[in-house]
Amino acid sequence: MDSKLLYGTEHFLSVMSFSSMALLLDQPLQKLSRSASTPSECSPILLLLSRFVVFDKDGVLEQIGEGKCYIDMSTVDADTSSKISEEITKKGGYFLEAPVSGSKKPAEDGQLVILAAGEKTLYDEIIPAFDVMGKKSFFLGEIGNGAKMKLVVNMIMGSMLNAFSEGLVLADKSGLSQQTLLDVLDLGAMANPMFKMKGPTMLMSSYPPAFPLKHQQKDMRLALALGDENAVSMPVAAAANEAFKKARSLGLGDNDFSAVYEAIKVPEPSP
């Protein structure tokens, strides 16, 4: 998505694109005060979705300094987020992780869910921006918790979408109407916006990328690693991850993550 979405209030302008976000304040943050030695101003904040912008040449670390703030809205593992926080803090800056739940349409509508953790005073200051970008923001405590929550959410989403795809294929192979299945699901306890939105386009084999499949598979992999760290058995998520990996091997990585349906439709080779 090359086009940019503009959100403005009397206090800030947010410029968002699929690959990056930037928030430009028309006045400095005045309230951030961690200690008596903390500068009273916190100059322009950058919200970026790519890890390389922090550590690479001419990246954030080369620009960050005393009193400057950095908010990272990417989906990374907790260790990466902690490392970014450590390096920003070493240079006198302030850090907040704030991954989002939601894709292109919720972003366009200002309906993202923001999962923040880290510098609480910075979170309190940036809420006006979050209120424009999202319908709800959560402060989850220490650095890493935002990243962990996002991975748990995306793991559940990917597992559900994979099971939904299997159901569509099973209905079709059993001689049932897939559209009728969608209607039945929409009227029962399993009704949810994802099935309602993705189902019709999946039946048309249309996958415009709201959330690319390659990113979903990456998040599944990171969630499984988090499960390993905490000795949590995740066989359902592991099976879903294999389906997303298969879809990537079929060249579907840049399609919407609902294209995992195409991988489910492909018969497994006979032993």
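Note that the structure is predicted; figures quoted are calculated from it, not measured.

(A) Just helix 7 (residues 178-186), in detail. What helix 7 keeps buried is the set Gln178, Leu182 and Leu185. An end-on view of helix 7 places all buried positions within 65° of arc, on one side of the element. Tucked inside the fold, the buried residues of helix 7 contact helix 6 (145-173), helix 8 (193-203) and helix 11 (260-265). Backbone nitrogen of Gln179 and a side-chain oxygen of the N-cap are separated by 3.3 Å at the start of helix 7; the cap is Ser177.

(B) Structural context of the side chain of Glu97. Looking at where Glu97 falls in the secondary structure, it is placed in strand 6 (residues 94-97). Buried and without a salt bridge, Glu97 has Lys148 as its closest oppositely charged side chain, separated by 8.4 Å. Polar side-chain contacts of Glu97 include one of 2.5 Å to the side chain of Ser81. Polar contacts involving the side chain of Glu97 include one to the main-chain amide nitrogen of Gly144, which spans 2.6 Å. In contact with Glu97, not counting residues within four places along its chain, are Asp72, Ser81, Leu115, Ala116, Ala117, Glu142, Ile143, Gly144, Asn145, Gly146 and Ala147.

(C) Quick peek at helix 10 (residues 235-249). The end-to-end C-alpha distance of helix 10, which contains 15 residues, comes to 21 Å, matching closely the 21 Å that a straight helix rising 1.5 Å per residue would cover. Buried within helix 10 we find Ala237, Ala240, Asn241, Ala243, Phe244 and Ala247. The buried residues of helix 10 occupy one face: seen down the axis, they fall within an arc of 160°. Among the exposed residues of helix 10, those pointing more than 90 degrees away from its buried face are Pro235 and Ser249.

(D) View of unusual backbone geometry. The backbone of Ser205 sits at a positive phi, close to 55°, despite the residue not being glycine. Note on Ser205: relative accessible area 39%, which makes it partly exposed. Of note, Ala231 is a non-glycine position whose phi angle comes to about 55°, a positive value. Mapping Ala231 onto the fold places it in the loop between helix 9 (213-229) and helix 10.

(E) Region of interest: the pattern of salt bridges. Applying the stated criterion across every chain, the model contains 10 salt bridges. A salt bridge links Asp254 to Lys214, with the nearest nitrogen and oxygen atoms 2.7 Å apart. Separated by 40 residues along the polypeptide, Asp254 in the loop between helix 10 and helix 11 and Lys214 in helix 9 bring together distant segments of the chain. Given the relative accessible area of 31%, Lys214 is considered partly exposed. For Lys265, the salt bridge is made with Glu262, and the minimal N-O distance between the two is 3.2 Å. With Lys265 and Glu262 both in helix 11 and 3 residues apart, the pair spans about one turn of that helix.

(F) Representation of the environment of Ala263. Its location among the elements puts Ala263 in helix 11. A residue is classified by how much of its surface remains accessible, and Ala263, at 3% relative accessible area, is buried. Counting along the chain gives 18 residues from Ala263 to Lys245, while the straight-line C-alpha distance between them is 9.0 Å. Beyond its immediate stretch of four places on either side in the chain, Ala263 contacts Ala243, Lys246, Ala247 and Leu250.

Thresholds, definitions, all that
- Residues numbered from 1 in each chain as written.
- Predicted model: local features only at pLDDT ≥ 70, side-chain atom pairs only at ≥ 80, totals over all residues.
- Heavy atoms only, no water.
- Buried < 20%, exposed > 50% of the residue type's maximum accessible area, 1.4 Å probe, protein only.
- Helix = DSSP H or I, 4+ residues; strand = E, 2+ residues; numbered from the N terminus.
- Arc of directions from axis to C-beta.
- Contact = heavy atoms within 4.5 Å.
- Polar contact = N/O pair within 3.5 Å; in protein donor to acceptor, adjacent residues only side chain to side chain.
- Lys, Arg positive; Asp, Glu negative; His and termini not counted.
- Salt bridge = Lys/Arg side-chain N within 4 Å of Asp/Glu carboxyl O.
- Expected span 1.5 Å × (residues − 1).

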